[in-house]
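Residue-level listing of the chains:
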Amino acid sequence: MAFLKSKTKEPLAPASPIRQSRSFWQDARKRFFRNRLAVIGLIIVSIIVVLAVFADILAPYDYDRAYFDRVLQKPLQHPEHILGTDEVGRDYLSRLIFGARTSLIVALSVQGIAVLIGVPLGVLAGYLGGRFDFVFSRIIEVMTAFPSLLFAILIISVLGGGLKTIIVALSITSWIGISRLARAQILSLREQDYALAARALGVKEWHIMMRHLLPNALSPILVAVSFGIPSAIFAEAGLSFLGLGVNDPIASWGKMVGVSNAYVRVYWHLALFPTLAIALTMLGFTFLGDGLQDALDPKQEE
Amino acid sequence: MTRYILGRILSLVFVLFAVSVIVFSVMHAVPGGPFDATDGKLPPAAMENIMRKYGLDKPVWQQYLNYMGNALRFDFGIPYQQPHTTVAALIRKTWGVTVQVGIMTLIVAFGIGIAAGMFAAYNQNSWVDNLVTFTTTLGFTVPNFVVAMWFILFFAVARQWLPMGGWGSSQCLIGSFFCTDWILPVIAYSLAPMAVVARYTRASIVDVKRADYIRTARAKGVSERKVMSKHVFRNAQIPMVTALGTEIPNLITGSIFIESIFRINGLGKFFVTSTLNRDYPMIMATFLLIALLWGITYLLTDIAYTVIDPRVRLGGRKEA
């Protein structure tokens, strides 16, 4: 996703005669915080994370508390429901706050599984080559022929909806991109001179892989994960929007948009707030990812 | 070249085979079938008849071989949800709509995307460039069903300018073509690919602009317009073809979201109902179609590279 790169115009700090030595990560942090969009992204993401973690405290009502006498209230129509209520009388603000939790649980689990499966397989394929790599590449080739969303729908149709099923369904295809990236990284890194030098010095193969190659492959993988999170959020919202996602009464932004479709003529607030939540979250994570990419890949800077 | 293409076709066949095996086994991995909902209502004998009619009483591997045998003769079976028609006919009907949506979207996305990308690249680092960069970030970050919902809220609910949904059922320019209900879905659908195209175009033109042969052309006194149109644009085409290659199969296999939010009866929307009803023949046929489309577009993209840039040799070796 190199084309996602946003521009940071100012050059790095001018070289002073006595330059303090800085580590790669210190440098990266400096570059990150100089990027305005990245900081905005970080702020949005932090807010979402806080909402998700402390939803029980922050939300005025429980996500499944339904007031059957206050159904479909518009914002501010009822003094106790700032953003109104939904079609069964649940506080909309509370459902939005709990929706952040659902989004993050799915996104983080899917990306976590993607890393746990994808990175070891990709690294092994890149390092071992030969028959293992051949089989690996064929699997990747077949899996890329499946549009991941359609495949997720197929899995969900077999296993039934629900939070766990969504995570499983999205994980099955999510590791492929990361795995391919890890393989490509290792393939190019193992030919580097320092790997050769280590080998010449008699360092064990396993040690070369773990201590020399993997740390160098880390930052592209980190960037891939940071872009994987918004796409998993999108996938969860999309599936729930189609009615294939989490089951009631769990709050999900996508499901709220899907349900609102039937009421949109009159109850516009049902559609507006969850769509804003999805858009803001996606933007936040994308800005964060862009910022990380620029910060972690100084070679791209010109 | 021929050898390379033959090899690619062979690997496409392998992928199609693998896709069919995987989809078939996933569908049959869990007990239960498409006619579970009728359980209890039908006498066991009738149920047995149905199962026999669709071959569902046979072991799974035999069902698979039967299906693939028929599929090779272009007989994809009968959809369980609409038994009076065939899968092929149903796909033709729904896919026709999806292709219409896709082609309209493709035209809008590439037309505006390339123009915006070129404009941004030729005015690099100006406010136009920044605007394009910012808008494109929004374009591929915000999901299309979210944008679609905003469009509906504004253009159909707050201001009743355009219809909320449908395809070819409102006021049309010619027959059931170019209708007012085409506008919102096509624009909502095109924003993401438009953003990708604009980014690719901008990046590749900016890249080419710095090349030595452009400086040479200028030094020779070639007019600025000619440099831009003949030298820069021509060489910037490769990344655009890449974008085209990845976007086309996406677009013509249909956006499930756009089709369901605007109530368009296309393949995407139909795919969701098929999976929910466990309509095995429909699911298989849809997946095979999509995998085939992907494979063919990738191959065509690679061939297109050699046409645009004669330096590109497929298969990594020189032609004899």
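Residues numbered from 1 in each chain as written. Chains lettered and ligands numbered in written order. Predicted model: local features only at pLDDT ≥ 70, side-chain atom pairs only at ≥ 80, totals over all residues.

Contacts between the two partners involve 37 residues from chain B and, on the opposite side, 31 residues from chain A. Contributions of two or more residues to the side of chain B that touches chain A are made by α1 (2-27), α5 (127-141), α6 (144-158), α7 (180-209), α11 (256-261), α12 (267-276) and α13 (280-308) of chain B. Broken down by element, the residue count for the side of chain B that touches chain A peaks at 7 residues, all from α6 of chain B. Here the side of chain B that touches chain A is composed, by residue class, of 29 nonpolar, 6 polar and 2 charged. (Contact = placed C-beta atoms within 7 Å. Helix = DSSP H or I, 4+ residues; strand = E, 2+ residues; numbered from the N terminus. Nonpolar A, V, L, I, M, F, W, Y, C, P; charged D, E, K, R; others polar.)

By size, the foremost hydrophobic cluster in this structure holds 159 residues, and its most contacted members are Ala152 of chain A together with Ala148, Met149, Ala188 and Val197 of chain B. Looking at this core element by element, the count peaks at 17 residues for helix α9 (residues 205-241) of chain A. When sequence neighbours within four positions are dropped, the list of residues in contact with alanine 188 of chain B reads Asn144, Val147, Ala148, Phe151 and Ile258 of chain B. (Core = buried A, V, L, I, M, F, W, Y, C linked by C-beta atoms within 7 Å. Buried ≥ 20, exposed ≤ 12 C-beta atoms within 10 Å, placed from the backbone.)

Time to look at the packing of helix α6 (residues 148-159) of chain A against helix α7 (residues 163-189) of chain A. Residue and element names in this part refer to chain A. One can describe the packing of α6 onto α7 by two numbers: an axis separation of 9 Å at closest approach and a directional angle of 140°. Classed by the angle they form, the pair α6 and α7 counts as oblique. Between α6 and α7 lies a crossing of right-handed hand. Between α6, through Ser148, Phe151, Ala152, Ile155, Ile156 and Leu159, and α7, the contact on the second element is made entirely by Thr165, Ile166, Val168, Ala169, Leu170, Ile172 and Thr173. Of the residues belonging to the contact of α6 with α7, the class tally is 10 nonpolar, 3 polar and no charged. (Axes fitted to C-alpha atoms, helices over the stretch in contact; angles between N-to-C directions. Parallel < 35°, antiparallel > 145°, perpendicular 65-115°, else oblique. Left-handed = near helix turned anticlockwise from the far one by under 90°.)

Residue pairs three or four apart in sequence face the same way in an α-helix, which turns once every 3.6 residues. Between its terminal C-alpha atoms α7 of chain A stretches 38 Å, which fits the 39 Å expected from 27 residues at 1.5 Å a residue. Of all the bends in α7 of chain A, the largest measures some 35° and sits at serine 171 of chain A. (Expected span 1.5 Å × (residues − 1). Bend = angle between axes of the 7 residues up to and from the residue.)

As a further point, take unusual backbone geometry. Residue and element names in this part refer to chain A. Looking along the chain, the bond that leaves aspartate 248 and enters proline 249 is cis, with omega of 0°. Tracing the backbone through its elements, the reader meets proline 249 in the loop between α9 and α10 (253-260). Notably, leucine 76 is not glycine yet its phi reads approximately 65°, a positive angle. Following the sequence through the fold, leucine 76 ends up in the loop between α3 (55-58) and α4 (92-128).

This is a description of form; function is not addressed.
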